[in-house]
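# Structural overview for review
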Amino acid sequence: MSEHKRENFSSKLGIIVATAGSALGLGNIYRFPCEAGANGGGAFLIVYLCLALLIGTPLMISEFVIGRRSRSNPVGAFRRLAGKKNAWPVVGYMGVLCAFLILAFYTTVAGWTLGYLAKSVLNHFAGQDLPQIQQQFVDFTNHQWWPIVCQLVFLALTALVVARGVKDGIEKWSKVLMPLLLVIMFVLCVKSLTLSGAGEGLRFFFNPDFSKINGRVLISALGQSFFSLSIGMGALITYGSYIGKNDNMASSALGVVLADTLVAVLAGIVIFPAAFTFGIQPEAGASLAFTTLPMVFQQMSGGYVFCLMFFLLLVIATLTSTISLLEVIVAAFTEELQLSRPKSAWIGAAATAVIGVLATLSFRTGSPLHIGSSTVFDLLDHVTALYIMPIGGLLIVIFVGWRMKKADVMDELTNNGKLRAGIRNAIRLIIRYLAPVAIAVIFISQLIGK
Ligand code: PFF
């Protein structure tokens, strides 16, 4: 696509909201508590916060720099900026593949959110005790066709929005709905803090036991921060390519990192006190959010309405994330293969559905869809968050820090000299030294630790 035909986000708010829309999603409300629960609670939180701020922010800025400088999808971006005849576009291909793999298993859980929205409309949780609510989760995820129908509907919704384009589709939706999610998370926090297990839950979540920090916690926290911030695989290169030339990318990135971290921490404050109150193991994994939250709603006056609002907003937060995943694939298809936007969206969604359905089926009790000891679902999750994203992130910061010309990077960071260079020089140094070393050390330490 030629440059003048590319769309831009209409304002700085547009970028922040769309990027936050991509970042905020199941990663915060579903995956973060799972990972924190499995990796020692407070210890994980501390490592996570450090990594999100110190590595996540510069990496997000790096992706914006590549995107806006190249005005291209991840594959084309590396081709344009690195010049022809080298291997850098492989990083772009890796990103497109990663988006595809994430979208496949992400829509499994996205489908559950739709199913749970329907359950909350139908008041399925009313008067149920914990074993019954746990059984509902097992029944739903094991049902012959509901999880698959919900997943396919979710994918179709995503394709519909993406087919319409950046401004009308992505930006408009995110702007209204993201702030609402924040409000409801606050309300839920307040409720959760009044439950009897609040003290124990908060201790688990906030009291770091530093002896628990090991290679596995480090890589899990790194993978979680990349996953949660949508970095390391080109989603934000793609969104960066829609950023206008006068927008301040560094402050936008910081705003998104802070908002994303806030929502993850709020999710922890909602879920752990509730888990301890109702006797749910913090390492319960997939079922954690889908059993604790309906229990919390049961304890609230107006629980029906809150439950409904919560699952509605969760569906929407999830949708703004799946949109950004599909957008990576669509930007690559339209620009590299010259397909139309709607065609790219539907082909991308259909291809995702094939692997996605396998991921969903692998969740069933006794499913043979295992590779080694992992389900297809877990395998897709681990391969993307623990391998492709860290490697992608490492290559992205190396590209911006060492391959791109300093003057070009600083032009992007300062909007051609309009913004102050001081702090942005420091950001470039972090991109050049701290971020690659930290990612490499964590990545290698987990390989050796195995
Ligand atoms: N950041 C999203 C979440 O936390 O739910 C997941 C995600 C979206 C990852 C888009 C990667 C991506 F490109």
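Look above for the structure.
Notes on the structure in this doc start here. (Residues numbered from 1 in each chain as written. Predicted model: local features only at pLDDT ≥ 70, side-chain atom pairs only at ≥ 80, totals over all residues. Heavy atoms only, no water.)

## Thoughts on the overall build of the chain
- Each helix and strand counted, the chain has 18 helices and two strands in total.
- Against the 2.2 N^0.38 benchmark of 22 Å for 450 residues, the chain shows a C-alpha radius of gyration of 21 Å, consistent with a compact globule.
- Considered along the principal axes of its C-alpha atoms, the chain spans approximately 60 × 50 × 45 Å.
- Of the contacts formed within the chain by residues at least 6 apart in sequence, a portion of 83% connects residues at least 24 apart.
- Of the roughly 16,800 Å² that the chain leaves accessible, carbon and sulfur atoms contribute 66%.
- One finds the centroid of the 33 positive side-chain charges in the chain at a distance of 9 Å from the centroid of its 21 negative side-chain charges. (Helix = DSSP H or I, 4+ residues; strand = E, 2+ residues; numbered from the N terminus. Rg over C-alpha atoms; globule rule 2.2 N^0.38 Å. Contact = heavy atoms within 4.5 Å. Areas by Shrake-Rupley, 256 points an atom, 1.4 Å probe, with all protein chains shown as cover. Lys, Arg positive; Asp, Glu negative; His and termini not counted. Charge placed at Lys NZ, Arg CZ, Asp CG, Glu CD.)

## Here's the deal with the site of the ligand
- Within the structure, the ligand sits among 15 residues, and A23, G27, Y106, F227 and S230 are positioned closest to it.
- Taking F227, its main chain carries an N or O atom lying 2.8 Å from a nitrogen atom of the ligand.
- Contacts to the ligand include S230, whose side-chain N or O atom sits 3.0 Å from a nitrogen atom.
- For the ligand, the protein covers 100% of the area, taking 340 Å² as the surface of the free molecule.
- Of all elements in the fold, only α1 (12-23), α2 (26-38), α10 (215-229) and α14 (303-336) reach the threshold of two or more residues within the shell around the ligand. (Near = heavy atom within 4 Å. Polar contact = N/O pair within 3.5 Å; in protein donor to acceptor, adjacent residues only side chain to side chain.)

## Details of the pattern of salt bridges
- If you walk through the whole model with that rule in mind, you get seven salt bridges.
- The partner of R69 in a salt bridge is E412, and the shortest N-O contact between them spans 3.2 Å. Remark: E412 occurs in helix α17 (residues 406-413) and R69 occurs in helix α3 (residues 42-70); sequence separation between them is 343 residues.
- Assessed through its relative accessible area of 30%, R69 is described here as partly exposed.
- By relative accessible area, E412 is classed as buried at 9%.
- E336 serves as the salt-bridge partner of R79, at 2.8 Å between the closest nitrogen and oxygen. Note that R79 is positioned in helix α4 (residues 74-82) and E336 in helix α14, a separation of 257 residues in sequence.
- Residue R79 is classed as partly exposed on the basis of its relative accessible area, which comes to 29%.
- One network of salt bridges, in which partners are shared, links R68, R69, D408 and E412. (Salt bridge = Lys/Arg side-chain N within 4 Å of Asp/Glu carboxyl O. Buried < 20%, exposed > 50% of the residue type's maximum accessible area, 1.4 Å probe, protein only.)

## Digging into the packing of aromatic side chains
- Scanning all chains against the criterion turns up 32 aromatic pairs.
- Measuring from ring centre to ring centre gives 5.9 Å for F137 and F290, while their planes differ by 25°; the resulting arrangement is stacked. One end of the pair, F137, is in helix α6 (residues 130-142); the other, F290, is in helix α13 (residues 287-298), and 153 residues separate them in sequence.
- What makes F137 buried here is its relative accessible area of 6%.
- A ring pair is formed by W145 and W146, whose centres lie 4.8 Å apart and whose planes are at 35°; its orientation type is tilted. (Phe/Tyr/Trp six-rings, centres within 6.5 Å; stacked < 30°, edge-to-face > 60°.)

## Let's talk about a nonpolar patch on the surface
- Taken together, W145, W146, V149, V153, L157, L160 and W346 make up a surface patch of nonpolar side chains, about 650 Å² in accessible area.
- Looking at the nonpolar patch, the element that brings in the most residues is helix α7 (residues 146-164), giving five residues.
- Tracing the sequence through the fold places W146 in helix α7.
- Judged by relative accessible area, W146 falls into the partly exposed class, the value being 41%. (Patch = residues over 30% accessible without salt bridge, like charges linked within 9 Å, V, L, I, M, F, W, Y side chains within 5 Å.)

## Topic: helix α18 (residues 422-449)
- For α18, with 28 residues, the first-to-last C-alpha span of 39 Å sits near the 40 Å given by 1.5 Å per residue.
- Roughly 40° is the biggest bend found in α18, and it falls at I430.
- Within α18, the full set of buried residues consists of R424, I427, R428, I431, R432, A435, P436, A438, I439, I442, F443 and Q446. (Expected span 1.5 Å × (residues − 1). Bend = angle between axes of the 7 residues up to and from the residue.)

## A few points about the side chain of T238
- Relative to the elements of secondary structure, T238 occurs in helix α11 (residues 235-240).
- Residue class for T238 comes out buried when judged on its relative accessible area of 0%.
- From its side chain, T238 meets the backbone oxygen of G234 in a polar contact 2.8 Å long.
- Beyond its immediate stretch of four places on either side in the chain, T238 contacts P74, E327, V328 and A331.

## Overview of the nonpolar core
- Counting residues in each nonpolar core, the largest one holds 151 residues, and the members touching the most others are M60, I66, F290, F310 and F311.
- Setting aside residues up to four positions removed in sequence, I66 forms contacts with A77, F78, L81, I237, I396, F399, V400 and M404. (Core = buried A, V, L, I, M, F, W, Y, C linked by side-chain atoms within 4.5 Å.)

## What about unusual backbone geometry?
- Even without glycine at this site, N123 takes up a positive phi of about 60°.
- The residue N123 is located in the loop between α5 (89-121) and α6 in this model.
- Judged by relative accessible area, which is 40%, N123 ranks as partly exposed.

## A closer look at the state of the cysteines
- Applying the stated criterion across every chain, the model contains zero disulfides.
- You can see C34 has no disulfide; the closest cysteine sulfur is in C189, sitting 17 Å from it.
- Judged by its relative accessible area of 13%, C34 falls in the buried class. (Disulfide = S-S within 2.5 Å.)

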